[in-house]
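# Results of the structural survey
In case you want the letters, here they are:
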Amino acid sequence: MIPETAHPRPGEARKVLIAPSILSADFGRLRAHVAEAVDAGAEWLHVDVMDGHFVPNLTIGPLIVEALREYCRERKVILDVHLMIEEPDRYIADFAKAGADVLTVHVEASRHLHRSIQAIRALGVTPGVTLNPATPLSTLEEILPYVGNVLVMSVNPGFGGQSYIPSSTRKIERLRKMLDDVNPSAFLEVDGGIKPGNAREAVAAGAQVLVAGSAVFGGDVFQNIGALRAAAASAQDHASQ
């Protein structure tokens, strides 16, 4: 679970956090590639779990989370697990046991969303909720007070390397206002096509956690994270003026 002291407080400046997605990492040297990102300053590590049913791709399971658990705990890095799967309740306990700090489920995949969120929290994990690009924010209204993380998908889930959907920026803005009203301490995360060129607008719209795959692991990891950090800082500097 994310420590309560790490959550943003109402009125304080929100630190922008970088969450590299291991979907784009080199799995032949996963530990080393992840270490590069952490050494470059990444605070979260994003794990995309896909079942080939809810989304058209098949990725990884609890064993990968377990393999990264001790390293992430040693380095105080948050293991952020995104369940893009049907019937996520069947696997919540497995991923919690494997070491997830955050477990995010889809509003479209959870038949009893409040029950799913309760189950995640009961296991000592920060519960998160997300929705696909075409799903309206109104589907989240009743669950927002109960979560610690809300994720905006800025691409259609399933594959890395897609382009950011421009209308996502307005969605982030609207969600930020909703959270400020009912749950300002929750994190607002964005995932999909994030690069230095659009990270600035996502942060300006209210995103606090930036998930990036190829924009981190594609090339020089230190330079890539530095570019994302600079874009985020530019947005915050502009907002403070």
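See above for the structure.
Here is a short report on the structure shown in this document. It should be emphasised that the depicted structure is a prediction, and the values quoted were computed from it without experimental measurement.

Turning our eyes to something else, we now look at the overall build of the protein chain. Helix and strand content of the protein chain: eight helices and eight strands. Its C-alpha atoms give the protein chain a radius of gyration of 16 Å, within 12% of the compact-globule value 18 Å for 241 residues. C-alpha atoms of the protein chain, sized along the principal axes, occupy 45 × 45 × 35 Å. Classification of the 241 residues of the protein chain by burial places 53% in the buried group. By element, 51% of the accessible surface of the protein chain is carried by carbon and sulfur atoms, the whole surface being about 10,500 Å². Charge separation in the protein chain, taken as the distance between the mean sites of 22 positive and 28 negative side-chain charges, equals 2 Å.

Below, the discussion takes up the side chain of T130. Mapped onto the elements of the fold, T130 is located in strand 5 (residues 126-131). The exposure class assigned to T130 is buried, which follows from its relative accessible area of 0%. Those residues in contact with T130, other than ones at most four positions away along the chain, are H82, T104, V105, H106, V107, E108, L151, V152 and M153.

Below, the discussion takes up unusual backbone geometry. For K76, which is not glycine, the phi torsion reads 55° and is therefore positive. Along the polypeptide, K76 turns up in the loop between helix 2 (62-74) and strand 3 (78-84).

Two elements in contact, helix 5 (residues 168-182) and helix 6 (residues 196-205), have axes whose closest approach is 8 Å; the angle formed by their N-to-C orientations is 25°. Judged by the angle between their axes, helix 5 and helix 6 are roughly parallel. Once helix 5 is placed against helix 6, the crossing between them reads as right-handed. Residue-level contacts link T169, I172, E173 and R176 of helix 5 to E201, A202 and A205 of helix 6. Taken together, the residues of the contact of helix 5 with helix 6 sort by class into three nonpolar, one polar and three charged.

Here strand 1 (residues 17-20) shows two buried faces, one formed by L17 and A19 and the other by I18 and P20. Where strand 1 meets strand 8 (residues 209-212), four bridges bridge the pair, whose relative direction is parallel. Opposite P20, over in strand 8, you have A212 as the bridge partner.

All right, on to empty space enclosed by the protein then. Enumeration according to the criterion identifies one cavity of 30 Å³ or more in this entry. Quantified by volume, the largest cavity comes out at close to 260 Å³. Along the wall of the largest cavity there are 24 residues; nearest its centre are G160, G161, D191, G192 and G193. Split into classes, the residues belonging to the lining of the largest cavity amount to 11 nonpolar, 10 polar and three charged.

So, about helix 5. Here helix 5 spans 21 Å end to end across 15 residues, near enough to the 21 Å set by a 1.5 Å rise per residue. Along helix 5, the residues classified as buried are S168, T169, K171, I172, L175, R176 and L179. An end-on view of helix 5 places all buried positions within 145° of arc, on one side of the element. Turned more than 90 degrees away from the buried face of helix 5, the exposed residues are K177 and D181. Along its buried surface, helix 5 packs onto strand 5, strand 6 (149-153), strand 7 (187-191) and helix 6.

Below, the discussion takes up the packing of aromatic side chains. Evaluation of the coordinates by the stated rule reveals one aromatic pair. Ring geometry for W44 and F187: centres 5.2 Å apart, planes at 70°, overall edge-to-face. One end of the pair, W44, is in strand 2 (residues 44-50); the other, F187, is in strand 7, and 143 residues separate them in sequence.

With that settled, consider the sheet that holds strand 4 (residues 102-106). Pairing is parallel in the open sheet, where eight strands are placed in the order 1-8-7-6-5-4-3-2. Two strands in the sheet have a free side with no partner beyond their single neighbour: strand 1 and strand 2. Each neighbouring strand pair of the sheet contributes to a mean axis angle of 25°, computed without reference to strand direction. Examined bridge by bridge, strand 3 and strand 4 share four bridges and lie parallel to one another. For L83, the partnering residue across the bridge sits in strand 4 and is V105.

Cut-off values and rules
Residues numbered from 1 in each chain as written. Predicted model: local features only at pLDDT ≥ 70, side-chain atom pairs only at ≥ 80, totals over all residues. Heavy atoms only, no water. Helix = DSSP H or I, 4+ residues; strand = E, 2+ residues; numbered from the N terminus. Rg over C-alpha atoms; globule rule 2.2 N^0.38 Å. Buried < 20%, exposed > 50% of the residue type's maximum accessible area, 1.4 Å probe, protein only. Areas by Shrake-Rupley, 256 points an atom, 1.4 Å probe, with all protein chains shown as cover. Lys, Arg positive; Asp, Glu negative; His and termini not counted. Charge placed at Lys NZ, Arg CZ, Asp CG, Glu CD. Contact = heavy atoms within 4.5 Å. Axes fitted to C-alpha atoms, helices over the stretch in contact; angles between N-to-C directions. Parallel < 35°, antiparallel > 145°, perpendicular 65-115°, else oblique. Left-handed = near helix turned anticlockwise from the far one by under 90°. Nonpolar A, V, L, I, M, F, W, Y, C, P; charged D, E, K, R; others polar. Pairing = 2+ DSSP bridges. 1 Å grid on protein atoms, 1.4 Å probe; cavity = no way out; pocket = protein on both sides within 12 Å on 5 of 7 lines; lining within 4 Å. Points joined across faces, edges and corners; volume = space filled by probe spheres on them. Expected span 1.5 Å × (residues − 1). Arc of directions from axis to C-beta. Phe/Tyr/Trp six-rings, centres within 6.5 Å; stacked < 30°, edge-to-face > 60°.

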